[in-house]
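So the chains spell out like this:
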Amino acid sequence: MRGASILKINDDKTRSLNRHTVMAFSGEAGDTVQFAEYIQANTQLYSMRNGIDLTPAATASFVRTELARALRSRNPYTVNLLLGGYDTASDRPSLFWCDYLAALAPLPYAAHGYAQYYCLSILDKHHHPDIDFEQGMKILRMCTDELKRRLPIDFKGVLVKVVTKEGIREEPYEDDKPVKAP
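Reading guide: rules and limits
Residues numbered from 1 in each chain as written. Predicted model: local features only at pLDDT ≥ 70, side-chain atom pairs only at ≥ 80, totals over all residues. Heavy atoms only, no water. Helix = DSSP H or I, 4+ residues; strand = E, 2+ residues; numbered from the N terminus. Rg over C-alpha atoms; globule rule 2.2 N^0.38 Å. Contact = heavy atoms within 4.5 Å. Areas by Shrake-Rupley, 256 points an atom, 1.4 Å probe, with all protein chains shown as cover. Lys, Arg positive; Asp, Glu negative; His and termini not counted. Charge placed at Lys NZ, Arg CZ, Asp CG, Glu CD. Axes fitted to C-alpha atoms, helices over the stretch in contact; angles between N-to-C directions. Parallel < 35°, antiparallel > 145°, perpendicular 65-115°, else oblique. Left-handed = near helix turned anticlockwise from the far one by under 90°. Nonpolar A, V, L, I, M, F, W, Y, C, P; charged D, E, K, R; others polar. Phe/Tyr/Trp six-rings, centres within 6.5 Å; stacked < 30°, edge-to-face > 60°. Buried < 20%, exposed > 50% of the residue type's maximum accessible area, 1.4 Å probe, protein only. Lys NZ or Arg CZ within 6 Å of the ring centre and 35° of its normal. Pairing = 2+ DSSP bridges. Expected span 1.5 Å × (residues − 1).

A. The overall build of the protein chain, seen in detail. Helix and strand content of the protein chain: four helices and nine strands. Scanning the protein chain from its N terminus toward the C terminus, one meets helices and strands in the order β-β-β-α-α-β-β-β-α-α-β-β-β. Computed over its C-alpha atoms, the radius of gyration of the protein chain comes to 17 Å, within 12% of the 16 Å expected for a compact globule of 182 residues. When contacts within the protein chain are restricted to residue pairs at least 6 apart in sequence, long-range pairs at least 24 apart make up 58% of them. By element, 53% of the accessible surface of the protein chain is carried by carbon and sulfur atoms, the whole surface being about 11400 Å². Computed over 23 positive and 23 negative side-chain charges, the inter-centroid distance for the protein chain is 3 Å.

B. Representation of the packing of helix H1 (residues 29-50) against helix H2 (residues 56-71) within the structure. Here H1 crosses H2 at 130°, and the two axes come no closer than 11 Å. Put simply, H1 runs oblique to H2. Where H1 crosses over H2, the two elements pack in a sense that is right-handed. When H1 is examined against H2, the residues Phe35, Tyr38, Ile39, Asn42 and Thr43 are found in contact with a partner set consisting of Thr59, Phe62, Val63, Glu66 and Leu67. Tallied by class, the residues present in the contact of H1 with H2 amount to six nonpolar, three polar and one charged.

C. Fine view of the packing of aromatic side chains. Tallied over the full model, the rule gives two aromatic pairs. Summarising the aromatic geometry, the rings of Phe35 and Tyr77 are spaced 4.8 Å apart at their centres and angled 55° between planes, so their arrangement reads as tilted. Separated by 42 residues along the polypeptide, Phe35 in helix H1 and Tyr77 in the loop between H2 and strand E4 (79-87) bring together distant segments of the chain. The burial state of Phe35 is the same as that of Tyr77; both residues are buried. Consider the rings of Tyr114 and Tyr117, whose centres lie 6.3 Å apart with planes at 50°: the pair is tilted. Since its relative accessible area comes to 58%, Tyr117 is described here as exposed. The cationic tip of Arg169 hangs over the ring face of Phe133; the distance from NZ or CZ to the ring centre is 5.4 Å.

D. View of the sheet that holds strand E3 (residues 21-27). The strand order E2-E3-E4-E5-E6 describes an open sheet built from five strands, whose pairing is antiparallel. One side of each edge strand has no neighbouring strand; the edge strands of this open sheet are strand E2 (14-18) and strand E6 (104-106). Each neighbouring strand pair of the sheet contributes to a mean axis angle of 20°, computed without reference to strand direction. Pairing of E4 with strand E5 (residues 92-98) involves seven bridges; the strand directions are antiparallel. Across the sheet, residue Gly84 finds its bridge partner in E5, namely Leu95. Relative to the sheet, H1 contacts E2, E3 and E4, its axis offset from that of E2 by approximately 15°. Where H2 meets the sheet, it contacts E2, E3, E4, E5 and E6, and its direction lies at approximately 160° from that of E4.

E. Representation of helix H4 (residues 133-150) in the model. If you check H4, its first and last C-alpha atoms are 26 Å apart, about what 18 residues at 1.5 Å a residue would give, namely 26 Å. Within H4, the full set of buried residues consists of Met137, Ile139, Cys143, Thr144, Asp145, Glu146, Leu147 and Lys148. The inward-facing, buried residues of H4 contact helix H3 (116-126), strand E8 (160-164) and strand E9 (167-171).

F. Structural context of unusual backbone geometry. Phi at Asp91 is positive, roughly 60°, even though this residue is not glycine. Its relative accessible area of 44% is what places Asp91 among the partly exposed residues.

G. Main features of the environment of Asn10. With respect to the helices and strands, Asn10 occurs in the loop between strand E1 (5-6) and E2. For the pair Asn10 and Gly157, spaced 147 residues apart in sequence, the C-alpha to C-alpha distance is 8.8 Å.

Everything listed is a geometric property; what it means functionally is a separate question.
Pasting the structure below:
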């Protein structure tokens, strides 16, 4: 069954902040785009001035500080973020969740927006610390199948971005098959 709402095909709610860090955002339309562009511009400015990219943890800290500063002003941003990256110095991936109240938490896996209500239980059940890329893609397939079954929207495609020590790349993801309810 398909719902009445339709997602835009070309709506990319992510920003590449540097070679090894990507940020996904949700929230009020104007706030999300403005805040994402602000963070992207300032992380790139830092890289140009200092000749080195911020680590994912440093970027998350910067994002949290800027959200907290805006929250204390008269112009808070209504934006929730997932920030993922690969720290080349420690040779480890990292993922951070930050909400509109500037709460920051490192996580092993995450989902946000309405998808979190359907996907977090699947991630809780199937994620483990030694997961590889293929297993992660299988879990993503389970999540998108569950969203097709239960969320009242018409999916027009899923954009998958993968962050590795080589950098950020878009992964092809075919999601045309209909899903039957059990």
